Amino acid sequence: MSVSGSCLCGRVKIEVARFDRDVVACHCVQCRKQSGHHFAATRAQQDDVSITGEQDIKWFKASKHAERGFCQHCGSVMFWKQREVSHISILAGCLDGPTGLKLTRHIFTDDKGDYYDITDDADTYPQAD
Ligand SMILES: [Zn+2]
Ligand SMILES: [Zn+2]
């Protein structure tokens, strides 16, 4: 059973046939600046994701090894993609439920903001996992 999703304005739509990972919260500075809080992203093989409105996605290269994809009309952050890998991270907030996913890890907690605490029982990693 596939899960669908979209950006806020609806120009970019996705259909994910299968996820290959649960949801990871990333508290790194880049994710915090781009999202306004922290990232929460699941992941899928690129072959399992179909995207409509690909021309409306803007890709920002925040570092040498990864790009961040967002809708250039409404600004919704949707993707994080490393170079030369077969999978793509998908921001969980774009997905229309039910997803069957669970937030299982917090990474880069060394970079997290001082205005919130991590209080769930998911695993925490000071840097990458
Ligand atoms: Zn949009
Ligand atoms: Zn991050």
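Residues numbered from 1 in each chain as written. Chains lettered and ligands numbered in written order. Predicted model: local features only at pLDDT ≥ 70, side-chain atom pairs only at ≥ 80, totals over all residues. Heavy atoms only, no water.

## Quick notes on the coordination of the zinc ion (ligand 2)
For a metal with four donors in a tetrahedral arrangement, the ideal angle between donors is 109.5 degrees, while six donors in an octahedron ideally sit at 90 or 180 degrees. Protein coordination at the zinc ion (ligand 2): the donors are Cys26 (SG), Cys28 (SG) and Cys31 (SG), at 2.1 to 2.3 Å from the metal. Summarised as a motif, the one-chain spacing of the donors to the zinc ion (ligand 2) is C-x1-C-x2-C. Cysteine 31 shares its class with cysteine 28; the two are buried. (Donors = N, O, S within 2.8 Å, 3.2 Å for Na, K, Ca; no water. Buried < 20%, exposed > 50% of the residue type's maximum accessible area, 1.4 Å probe, protein only.)

## Considering the layout of surface pockets
Its volume calculated, the largest pocket comes out at about 470 Å³. Around the largest pocket sit 24 residues that line it, and Cys26, Cys31, Trp80, Ile107 and Phe108 are the ones nearest its centre. Every element with two or more residues in the lining of the largest pocket is listed here: strand E3 (21–26), helix H1 (29–35), strand E4 (39–45), strand E7 (66–71), strand E8 (77–82), strand E9 (87–91) and strand E10 (103–107). For the lining of the largest pocket, the residue count by class is 13 nonpolar, 6 polar and 5 charged. (1 Å grid on protein atoms, 1.4 Å probe; cavity = no way out; pocket = protein on both sides within 12 Å on 5 of 7 lines; lining within 4 Å. Points joined across faces, edges and corners; volume = space filled by probe spheres on them. Helix = DSSP H or I, 4+ residues; strand = E, 2+ residues; numbered from the N terminus. Nonpolar A, V, L, I, M, F, W, Y, C, P; charged D, E, K, R; others polar.)

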